[in-house]
Amino acid sequence: MHAFNAIGRRLGARRAMTAMSEDAPFWKRKSLAEMTVEEWESLCDGCGRCCLVKLEDEDTERVVYTDLACHMFDGESCRCRDYPNRQREVPDCLQLTPESVPQLGWLPPSCAYRRLAEGRDLPAWHPLITGDPDSVHRAGASVRGRIEPLADGFSLVEMAENDMDSLMDRITDWPEADVPDEGTPRDQD
Ligand code: SF4
Ligand code: SF4
């Protein structure tokens, strides 16, 4: 068996620019690097997939997802409980940047930052398009109802050292699946 390391999350991006009308939405007119902080933050669809615990194979560097979420994650809202101060609580929580997104191959393919970095558009269910923050949940793109949060004080490192089998039992592949424009009904997971 390979040894695995727990790794962190959160990132940023850059995408190819084409000539766009001034009326086009900002994500079609601007590269990720050109966006304001507000525009950048609004790109996050709130799926919560990047807040799941991931394991990295030390030999192959392959990253796999578990259905365990960071202890700071609220499974109902699918948002961080203290986003402005998250790195104080969780030092390995990564800040996405336009430069880092293309380097983070483990970002879920449905992630808005990854989609734009790859030259794709936002999906029809994205809250910026629907105007409804719940559309990400209705589309089956979020982790709501599919995960278990880590209890306060729970040590992932301890679990990895003492009960790797239980940790590996939590490995799941649905966070790596893309979500089509029409969404992904849960019975197709
Ligand atoms: S869109 Fe989803 S995967 Fe991407 S940063 Fe936001 S919560 Fe994470
Ligand atoms: S600290 Fe917050 S943003 Fe970072 S992984 Fe945990 S829940 Fe997600």
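Per chain, the residues get numbers from 1 upward, laid out in the order the sequence is written. Chain letters start at A and ligand numbers start at 1, both assigned in the order the entries are written. With pLDDT at 70 or above as the cut-off, local features in this predicted model cover only qualifying residues; side-chain atom pairs require 80 or more to be listed or tallied, and sums for whole chains, interfaces and linings still use all residues.

With that settled, consider the pairing of strand 3 (residues 63-69). For two strands to be treated as a pair, DSSP must find no fewer than two bridges joining them. Put simply, DSSP H or I for four residues or longer makes a helix, DSSP E for two residues or longer makes a strand, and each gets a number counted from the N terminus. Judged from the 4 bridges that link them, strand 2 (residues 52-57) and strand 3 form a sheet pairing that is antiparallel. Following the sheet pairing, Leu52 is matched in strand 3 by Ala69. Here strand 2 folds back onto strand 3, and the loop between the two strands holds 5 residues, one of which, Glu61, carries a positive phi near 65°. Here strand 3 pairs with strand 7 (residues 171-172) via 2 bridges, running antiparallel. For Thr66, the partnering residue across the bridge sits in strand 7 and is Ile171. For strand 3 and strand 6 (residues 148-149), the ladder comprises 2 bridges, and the chain directions are parallel. Looking at strand 6, one finds that Ala69 is bridged to Pro149.

Once that is clear, we can look at the site of ligand 2. Nearness is defined per residue: the C-beta atom, placed using the backbone, must lie within 6 Å of the molecule or strand. Taken together, 11 residues sit near ligand 2, with Cys51, Cys70, Cys80, Arg86 and Cys93 positioned nearest. A per-class count over the shell around ligand 2 returns 7 nonpolar, no polar and 4 charged. Three categories are distinguished: nonpolar for Ala, Val, Leu, Ile, Met, Phe, Trp, Tyr, Cys and Pro, charged for Asp, Glu, Lys and Arg, and polar for the others, with Gly belonging to the last.

Here we take up the nonpolar core. Side chains of a nonpolar character, in soluble globular proteins, are inclined to be buried together. With 33 residues, the main nonpolar core has Leu52, Ala69, Val101 and Tyr113 as its most contacted residues. Elements that contribute at least two residues to this core include exactly strand 2, strand 3 and helix 4 (112-117). If you tally residues by element for this core, the top one is helix 4, at 4 residues. For every residue pair, C-beta atoms are placed from the backbone, and the pair is scored as a contact if these atoms sit within 7 Å. Leave out the neighbours within four places in its chain, and Ala69 touches Cys51, Leu52, Gly75, Val143, Ile147, Pro149 and Leu150. Only buried residues count toward a nonpolar core: Ala, Val, Leu, Ile, Met, Phe, Trp, Tyr and Cys, linked into one set through C-beta atoms within 7 Å. Counting other C-beta atoms within 10 Å of its own, a residue is labelled buried from 20 upward, exposed at 12 or fewer, and partly exposed in the gap between, with every C-beta atom placed from the backbone.

This part is about the site of ligand 1. The local shell around ligand 1 consists of Cys44, Asp45, Gly46, Cys47, Gly48, Arg49, Cys50, Pro108, Cys111, Ala112 and Tyr113. Looking at side-chain class alone, the shell around ligand 1 contains 7 nonpolar, 2 polar and 2 charged residues.

Further remarks concern unusual backbone geometry. One non-glycine residue with positive phi stands out, namely Glu61, at about 65°. With respect to the helices, strands and loops of the structure, Glu61 is situated in the loop between strand 2 and strand 3. On the basis of neighbour counts, which here come to 10 C-beta atoms within 10 Å, the residue Glu61 falls in the exposed class. One non-glycine residue, Cys78, lies in positive phi territory at about 60°. Along the chain, Cys78 falls in the loop between strand 4 (73-74) and strand 5 (79-80). Residue class for Cys78 comes out buried when judged on the 23 C-beta atoms lying within 10 Å of it.

Topologically, Leu156 is positioned in helix 7 (residues 156-162). Linking Leu156 and Leu167, residues 11 residues apart in sequence, is a C-alpha distance of 8.8 Å.

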